Amino acid sequence: MWQLLLSLFERLAIIVMIAFLLTRLPYFRKLIFQQELNSIQRFLFMIIFGLFGIIGTYTGLTIHAETAEFSKGAGFLQEEEAIANSRVIGVVIAGLLGGWRVGLGAGIIAGGHRLFLGGFTAVACGVSTMIAGLLAGIVTKRRQKPFALSSSSALYIGMSAEGLQMLVILLTAKPFEQAWALVEKIGIPMIIANGIGCAIFILVIRSVLQEEEKVGALHAEKAMRLAEATVSHLRNGLNPASAKAICELFIREVPSVAVAVTDRERILAHVGAGADHHFTDQPIQTDTTRIVIDTGEMLVVRERVVCHHEHCPLQKAIIAPLKRKDETVGTLKFYFQSEADLSSVAFEFVKGLSSLLSLQLEIAEAEKYYQLMKDAEIKALHAQVQPHFLFNALNTIVSCIRIDPNQARQLLLSLAQYFRKNLGSSTELLSTLDEELKHVKAYLTIVQARFQDKLQVEYEIEEGFEQLALPTLTLQPLVENAVNHGLKPMKKGSRIKVKVQSVGSHVHISVSDNGKGMDDRTVATLLKQPVSSAKGAGIGLYNVNERLKLLLGENVQMSIVSELEKGTTVIIRIPNSVVKGE
């Protein structure tokens, strides 16, 4: 008996080795840890563990029932021969991991094969193998995660399944004397060996799971550390400087050959392999990146990365969206050399990093918006008591009282309306186009009275947009900038035109003047950074532009067209989807 037990343990080592090798395969690991199996996955489980059972049969020992002698190898059997084997291990594990359907399917494969080999126990062994898989699945009641199965439970279930097989042999195999002699010889060794085999198999799977959990914990710790390190870089939003700092940080911490960050249109930074042709501020070069931007979903590139450069070294990639308020504003891309690097752990790690960066972008946006509003509030309050404008307006009104009392009355009403709007700007986030135009008209009424015939104002307002939402103090600062910076040097013939019209799929709001204009360099900086000025309301074009994007969305655009000595036009383009509130 002991000799047989040792021989079975030797062959059991083959099964355990195969089990261990299988757990190294990414697909098999994913299959094991899948919460719910679909029909295809169940079929794969049946095939895999059915083959385990067949291997267990072929690695068994042929036993002669009459002489009790055993020999290596298990092929076609004589009538008086049987097999001491580890077939039940694969079938029981199939039931434990995949449920009764998978257990029964694996049992049919392994048991059917055993029926084909013959011998006086063929029917008993074949049928008991099928029953073992079915019962192992029923015992679990429902599919459980591997860590929910202890190795001791697997030991008892494996021993019970093998004990069941011995019982079926005694009940069905003929002649009974040979069946009894066989069970007496192989029963205990096979019950012990196969029970231990099932326990070891589950132990191997549990170790794989613990390895995955350990790696996941390390990645989570690393992700939190990286998130903390990126906070300071993203405080000012997503730009080439912050993107480069993030890429340099990530490529040191993540085993990848390159890291890149893009916005919706261009590469913000690329560090690592391929940096010789993936340059900052270039248009996005791969279609896969555009797919992620359009869909907002992560994408794994398992084939070679499609790049327009002939000798691009980039092979595989995981591309994750960077979002702000559910809007995809860019991508985070990790490039890898081999398929093995594209593991589920790597995918989840990159997903976690993109979520953390997206959250930081939203926080940065909130901080930026808060600061802009504080600046707007302070500057608006400053404008409310600006001495030059107030004194000039009052002097103009005093002069009109003697000459034209009705005009003086109208100017006082306009001045009151102007300051009332400025007072409300510190608490109201949004206004309407109609209210903004009234604010502009109140301001220009006072300015025209001061300049008399020097300034001509023209309004061209298309109907239907009166209730269009705009950030408070959007139009008046544009008009005041035109007056103070564009028209003030002119002695006569100065003009301002405020125009609202529908152009294709957008609404265009423009403020034009025929003043001194600006050079291209000045125009290029006005929307990209704050420009301090001692004149005007103190709310520059940069602030207006940023508030437009923050409150109405990134698709709202402001542009400046200017030519020296010919004037300046500031245009706000608002998509119809924003106008309609879609």
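Rules behind the numbers
Residues numbered from 1 in each chain as written. Predicted model: local features only at pLDDT ≥ 70, side-chain atom pairs only at ≥ 80, totals over all residues. Heavy atoms only, no water. Pairing = 2+ DSSP bridges. Helix = DSSP H or I, 4+ residues; strand = E, 2+ residues; numbered from the N terminus. Axes fitted to C-alpha atoms, helices over the stretch in contact; angles between N-to-C directions. Contact = heavy atoms within 4.5 Å. Core = buried A, V, L, I, M, F, W, Y, C linked by side-chain atoms within 4.5 Å. Buried < 20%, exposed > 50% of the residue type's maximum accessible area, 1.4 Å probe, protein only. Phe/Tyr/Trp six-rings, centres within 6.5 Å; stacked < 30°, edge-to-face > 60°. Patch = residues over 30% accessible without salt bridge, like charges linked within 9 Å, V, L, I, M, F, W, Y side chains within 5 Å. Areas by Shrake-Rupley, 256 points an atom, 1.4 Å probe, with all protein chains shown as cover. Salt bridge = Lys/Arg side-chain N within 4 Å of Asp/Glu carboxyl O. Expected span 1.5 Å × (residues − 1).

In spatial order, the strands read E10-E12-E13-E15-E14; together these 5 strands make up an open sheet with mixed pairing. Two strands close off the open sheet at either side, each with one partner strand: strand E10 (455-461) and strand E14 (557-563). Sheet twist, expressed as the mean angle between neighbouring strand axes with direction ignored, is 10°. As paired strands, strand E12 (residues 494-503) and strand E13 (residues 506-513) are joined by 8 bridges and run antiparallel to one another. Across the sheet, Lys497 pairs through a bridge with Ser512, a residue of E13. Contacts between helix H15 (residues 475-487) and the sheet are confined to E10, E12, E13, E14 and strand E15 (567-575), with E12 contributing the most and set at about 145° to the helix. Each of E14 and E15 is contacted by helix H17 (residues 541-552), which is oriented at about 155° to E14, the strand it contacts most.

The next subject is the environment of Leu444. Relative to the helices and strands, Leu444 resides in helix H14 (residues 433-451). Sequence separation between Leu444 and Gln476 is 32 residues; the distance between their C-alpha atoms is 9.1 Å. Each residue touching Leu444, except ones within four places of it in the same chain, is listed here: Leu455, Val457, Tyr459, Val479, Val483 and Ile496.

This paragraph deals with the nonpolar core. Within the largest apolar cluster, 48 residues are counted, with the highest numbers of intra-cluster contacts made by Leu433, Leu478, Val479, Ile496 and Ile509. Residues in contact with Leu478, not counting those within four places in the same chain, are Val511, Leu541, Val544, Met558, Val570 and Ile572. Counting residues in each nonpolar core, the second largest holds 29 residues, with Leu12, Leu96, Phe201 and Val204 among its members.

Moving on: the environment of Ile14. Along the chain, the position of Ile14 falls in helix H1 (residues 2-23). On the basis of relative accessibility, which here comes to 34%, the residue Ile14 falls in the partly exposed class.

For the rest of this paragraph, the subject is the packing of aromatic side chains. One pass over the full model with this rule turns up 6 aromatic pairs. With a centroid separation of 6.0 Å and an interplanar angle of 50°, the aromatic rings of Phe49 and Phe201 are classed as tilted. In this pair, Phe49 is assigned in helix H3 (residues 39-58) and Phe201 in helix H8 (residues 176-230), connecting sequence segments 152 residues apart. A relative accessible area of 3% places Phe201 in the buried class. Note on Phe250 and Phe334: the rings are 5.9 Å apart at their centroids and 20° apart in plane angle, and the pair reads as stacked. Taken together, the residues Phe250 in helix H9 (residues 240-253) and Phe334 in strand E8 (residues 327-336) connect sequence positions 84 residues apart. Residue class for Phe250 comes out buried when judged on its relative accessible area of 1%. Phe334 sits in the buried class, given a relative accessible area of 0%. An aromatic cluster is present here, built from Phe45, Phe49, Phe52 and Phe201 joined pairwise through their rings.

Our focus in this paragraph is the sheet that holds strand E7 (residues 316-324). Strand order in the open sheet formed by 5 strands is E5-E4-E8-E7-E6, and the pairing between neighbours is antiparallel. Because the sheet does not close on itself, it has two edges, and the strands there are strand E5 (267-272) and strand E6 (299-301). The average undirected angle you get between the axes of adjacent strands in this sheet is 15°. Sheet topology note: the E7/E8 ladder contains 9 bridges and is antiparallel. From the neighbouring strand, Lys316 faces E8, where its bridge partner is Phe336. Packed on one face of the sheet, H9 meets strand E4 (258-263), E5 and E8 and runs near 25° to E5. Across the sheet, helix H10 (residues 287-295) lies against E4, E6, E7 and E8, angled at about 145° from E8, the strand it touches most.

Judged by side-chain polarity, Trp100, Leu115, Val123, Val127, Ile131, Leu135 and Ile138 come together as a nonpolar surface patch covering roughly 570 Å² of accessible area. Elements supplying a minimum of two residues to the nonpolar patch: helix H5 (100-117) and helix H6 (122-140). Here the element with the most residues in the nonpolar patch is H6; it accounts for 5 residues. Judged by its relative accessible area of 54%, Val123 is exposed.

Once that is clear, we can look at the pairing of E7. Among the 9 residues that make up E7, 8 are buried, leaving the element largely enclosed by the rest of the structure. As defined by bridge partners, E6 adjoins E7 across 3 bridges and the pair is classed as antiparallel. From the neighbouring strand, Val300 faces E7, where its bridge partner is Ile318. Counting the residues that bridge the hairpin from E7 to E8 gives 2 residues, and of these Lys325 lies at a positive phi of roughly 55°.

As a further point, take H15. Taking 1.5 Å of rise per residue, the 13 residues of H15 would be expected to cover 18 Å, and the 17 Å separating its terminal C-alpha atoms lies within 8% of that figure. Of all 13 residues in H15, 12 are buried; the element is thus mostly enclosed. Three or more residues of H15 are buried, namely Leu475, Gln476, Pro477, Leu478, Val479, Glu480, Asn481, Ala482, Val483, Asn484, Gly486 and Leu487.

Under the defined criterion, the tally for this structure stands at 8 salt bridges. A salt bridge links Lys438 to Asp434; the nearest nitrogen and oxygen atoms lie 3.5 Å apart. Residue Lys438 and its partner Asp434 are both found in helix H14; the two are separated by 4 residues, about one turn of the helix. Accessibility expressed as a relative area gives 44% for Lys438, which makes it partly exposed. Using a relative accessible area of 28% as the deciding quantity, one classes Asp434 as partly exposed. Across the pair Lys497 and Glu460 runs a salt bridge, and its minimum N-O distance is 3.0 Å. Residue Lys497 is located in strand E12, and its partner Glu460 is located in strand E10; the two are separated by 37 residues in the primary sequence. Residue Lys497 is classed as partly exposed on the basis of its relative accessible area of 25%. Here the salt bridges do not stand alone but share partners, grouping Glu458, Glu460, Lys497 and Lys499 into one network.

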